[in-house]
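Inside the fold
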Amino acid sequence: MGKAEGHKYNHGHALILSGPPHHGGAARLAARGALRVGAGVVSVGASGEAMAEHAARLDAIMLRAVGDGADLAGALQDKRINALCLGPGLGLDARGKALVGAALDQSRGEPRSTVLDADALTLVAADPALFAALHKDCVLTPHAGEFARLFPDIAEKLNAPATIGPAYSKVDATREAAKRAGCVVLFKGPDTVIANPEGRCAISAAVYERAAPWLATAGSGDVLAGFITGLLARGLDPFSAAQTAAWLHVECALSFGPGLIAEDLPEELPKVFRKLGL
Ligand SMILES: NC(=O)C1=CN([C@@H]2O[C@H](COP(=O)(O)OP(=O)(O)OC[C@H]3O[C@@H](n4cnc5c(N)ncnc54)[C@H](OP(=O)(O)O)[C@@H]3O)[C@@H](O)[C@H]2O)[C@@H](O)CC1
Ligand SMILES: Nc1ncnc2c1ncn2[C@@H]1O[C@H](COP(=O)(O)OP(=O)(O)O)[C@@H](O)[C@H]1O
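Just so it is clear, the model here is predicted, and its values are computed rather than measured.

Basis of the calculations
- Residues numbered from 1 in each chain as written.
- Chains lettered and ligands numbered in written order.
- Predicted model: local features only at pLDDT ≥ 70, side-chain atom pairs only at ≥ 80, totals over all residues.
- Heavy atoms only, no water.
- Helix = DSSP H or I, 4+ residues; strand = E, 2+ residues; numbered from the N terminus.
- Rg over C-alpha atoms; globule rule 2.2 N^0.38 Å.
- Buried < 20%, exposed > 50% of the residue type's maximum accessible area, 1.4 Å probe, protein only.
- Pairing = 2+ DSSP bridges.
- Near = heavy atom within 4 Å.
- Polar contact = N/O pair within 3.5 Å; in protein donor to acceptor, adjacent residues only side chain to side chain.
- Areas by Shrake-Rupley, 256 points an atom, 1.4 Å probe, with all protein chains shown as cover.
- Nonpolar A, V, L, I, M, F, W, Y, C, P; charged D, E, K, R; others polar.

Looking at the overall build of the chain
From N to C terminus, the chain includes 12 helices and 9 strands. For the chain, the C-alpha radius of gyration of 18 Å lies close to 19 Å, the compact-globule estimate for 278 residues. Here the C-alpha coordinates of the chain stretch approximately 55 × 45 × 35 Å along the principal axes. When the 278 residues of the chain are sorted by exposure, 53% land in the buried category.

See the structure below:
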């Protein structure tokens, strides 16, 4: 996690796509998370109408005009952009859907590491073609509601009362979902489960001495999506990026304590890194 050498582009360029004007907070939270976790460059991609709002709120984070899917495809000609995040505050309109389609389009060659969260998950759940376009460098970060939209049959099995043992668990559900999606799935909650399509699985539990109920605050999931995107930009593989981000997310909450709001999470990272000796 330490930054031993190199210039900013050696630490990756993360692009966070934002949605309509007046809904930019979630994307800015994700961008701040990506920057604090160590991506060398972070940009927010916004439509023309949303640029002024972002410009008034961003300094170290750069801004790039991304009006539609073609603009995103154009931006991705820049191979230094090595991680994408779509979903936080993206919206469910035609532009949001076109951006998710362009992000997942593999016809340009090597697929980009891509975090799909929030509205992007709802869009993927509603469109079989988008679901089919998911690839091994994607990370899906559903909460329970989004998980049920994406994998209704798996959620039904998970939520059914167990009549004979062993019960079908959140670990079973997340592994099955990752296999079906063909990518890493991070199923959020106090008992966050991360699985990859090959069956590898990790649990990031925020319970007992690691209980962090303050994480149940608007926007904390957006910051987690940003942490994962930043770690992907830094070159971690999807499973390691998701696992490390989930652990750091809880560490930041524990370090800050009660009263936490989403904005505090990225700002707590330097303290957590110092404690780790980085
Ligand atoms: N500061 C900002 O700018 C912020 C902006 N944000 C942005 O807002 C947009 C909408 O995001 P969203 O999360 O509010 O709505 P969405 O997921 O579409 O539906 C929520 C419904 O799902 C259900 N549900 C079931 N289980 C659940 C669970 N574990 N956790 C949560 N929900 C659960 C539940 O239904 P219920 O269980 O109540 O029947 C609930 O009514 C999106 O773009 C996001 O990025 C937010 O990130 C906040 C900060
Ligand atoms: N009681 C809890 N204890 C620990 N972590 C929690 C708790 N409730 C929610 N979280 C975590 O907080 C985050 C909430 O994300 P999400 O539901 O997407 O909210 P938002 O859309 O407002 O950002 C997830 O990382 C989840 O694991």
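Topic: the pairing of strand β2 (residues 41–46)
Burial analysis of β2 places 6 of its 6 residues in the buried class, which makes it a mostly covered element. Side-chain alternation along β2 places Val41, Ser43 and Gly45 on one buried face and Val42, Val44 and Ala46 on a second face that is also buried. Relative to β2, strand β1 (residues 13–17) is paired through 5 bridges, and the arrangement is parallel. Looking at the pairing, Leu15 lines up with Ser43 of β2. Pairing of β2 with strand β3 (residues 62–65), which is carried by 4 bridges, proceeds in the parallel orientation. Its bridge partner lying in β3, Ser43 is registered against Met62.

Examining the site of ligand 1
With respect to spatial proximity, 15 residues lie near ligand 1, and among them Gly89, Asp119, His143, Gly145 and Asp222 are the closest. With respect to ligand 1, the side chain of Asp119 contributes an N or O atom lying 2.6 Å from an oxygen atom. Within the side chain of His143, one N or O atom sits 2.9 Å away from an oxygen atom of ligand 1. Protein contacts shield 43% of the accessible area of ligand 1, which totals 900 Å² for the unbound molecule. Looking at the shell around ligand 1, the elements that each hand over two or more residues are α1 (25–36), α5 (118–126) and α7 (144–150). With 4 residues, α7 is the single largest residue contributor to the shell around ligand 1. Grouping the amino acids of the shell around ligand 1 by side-chain chemistry returns 5 nonpolar, 6 polar and 4 charged.

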